[in-house]
Amino acid sequence: MDRMAEAAAIPAWDDAGDALFAPLRAPVGMGCSFVLGRVAQSLDGFIATRDGESVWISGPDDLRHTHRLRALSDAIVVGARTIRADNPRLTTRLVAGPSPVRVILDPERRLTEDFRVFQGGPETLLLHGKGSASAGRMGHAHVLAVLRAAEGLDIAAILGVLRERGLRRIFVEGGGVTVSRFLAAGALDRLHVTVAPLVMGGGVPAFPIPPVARLEDGRRFAWTAHRIGADVLFDIPLVRTV
Ligand SMILES: NC(=O)c1ccc[n+]([C@@H]2O[C@H](COP(=O)([O-])OP(=O)(O)OC[C@H]3O[C@@H](n4cnc5c(N)ncnc54)[C@H](OP(=O)(O)O)[C@@H]3O)[C@@H](O)[C@H]2O)c1
């Protein structure tokens, strides 16, 4: 069974399946990509405590949803701070379907080789900024240099590098800085935000972007809400500009 058929066979948690997943299963044209960003946040907008604890902000159905999104993707992108805080495996352990290629954004090459993603498992790419210390490998990972932008790595260049390697369904899994940079660059086709009935009072923000001075300068989205266990998942279609 191919990746899409396998992932499609995974039962949805309710009847949201088709509305939510049809856009993710749609064919992606040659030379194009489909990019989905995602965060699971508290009611007051945090994705982790100040010390970086984030597992179980949302419930088990939402965690399964994350694994399902992984199974539907060619590549999963995470920022360096998520690797440091969670030491994740980024595999599809909770659903059927293959694990995607893991892509770690670490512009200054600050991560060390002892994290799980560098020790083995699915194919892994470590992207850093051109000009910082370069090497062919970081343990299990291939190391690739990418153009820099005014802030961080150039998102179009990241997507270009992935496309060249045949990776066209891209899942930007976190954390907040990484998803926000893709959003700010106009590089997301879709955003899934799960909101859990939890108030944290502080922590790592879901969307660390410059504050607007006037409400009318904020970005307002259309969304469809789905119940996902005790949480609510907002499915937000976006217009890609990059
Ligand atoms: N609840 C959730 O949905 C969820 C999901 C994932 C992670 N988390 C939690 O979120 C926390 C980390 O989130 P975070 O927002 O602090 O950080 P993050 O997004 O995980 O990582 C941010 C770092 O990644 C690098 N980076 C990301 N995008 C980049 C880009 N376009 N260009 C260049 N560099 C880029 C930068 O590294 P440098 O600083 O080296 O420049 C940046 O500081 C952790 O505690 C983790 O547990 C929560």
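In what follows, the structure referred to is the one given above.
Residues numbered from 1 in each chain as written. Predicted model: local features only at pLDDT ≥ 70, side-chain atom pairs only at ≥ 80, totals over all residues. Heavy atoms only, no water.

Before going further, it helps to spend a moment on unusual backbone geometry. For the bond from glycine 174 to glycine 175, the omega torsion is -10°, close enough to zero to count as cis. Here glycine 175 shows up in the loop between strand S8 (169-174) and helix H6 (176-184). Residues other than glycine seldom take positive phi values, yet leucine 90 does so here, at roughly 60°. Residue class for leucine 90 comes out buried when judged on its relative accessible area of 2%. With a phi angle near 55°, arginine 109 is a residue other than glycine that sits in the positive phi range. Here arginine 109 lies in the loop between strand S4 (101-105) and strand S5 (124-129). (Helix = DSSP H or I, 4+ residues; strand = E, 2+ residues; numbered from the N terminus. Buried < 20%, exposed > 50% of the residue type's maximum accessible area, 1.4 Å probe, protein only.)

Right, let's talk about the environment of leucine 36 for a bit. The topology assignment puts leucine 36 in strand S1 (residues 34-42). Sequence-distant contacts of leucine 36, defined by excluding residues within four places in its chain, comprise Leu24, Leu69, Ile170, Phe171, Val172, Leu188, Arg190 and His192. (Contact = heavy atoms within 4.5 Å.)

Those residues of H6 lying buried are Gly176, Thr178, Val179, Ser180, Phe182 and Leu183. Remark: glycine 186 follows H6 within two positions and exhibits a positive phi of approximately 70°.

This next bit is on the pattern of salt bridges. Inspection of the entire model under this criterion finds 7 salt bridges. The partner of arginine 148 in a salt bridge is glutamate 108, with the nearest N and O atoms 3.0 Å apart. On the criterion of sequence distance, the pair formed by arginine 148 in the loop between strand S7 (141-146) and helix H5 (155-164) and glutamate 108 in the loop between S4 and S5 is long-range, its members being 40 residues apart. Since its relative accessible area comes to 36%, glutamate 108 is described here as partly exposed. Between arginine 214 and aspartate 217 there is a salt bridge; the shortest N-O distance is 2.9 Å. We classify aspartate 217 as partly exposed; its relative accessible area is 37%. When salt bridges that share partners are traced, they join Arg214, Glu216 and Asp217 into one network. (Salt bridge = Lys/Arg side-chain N within 4 Å of Asp/Glu carboxyl O.)

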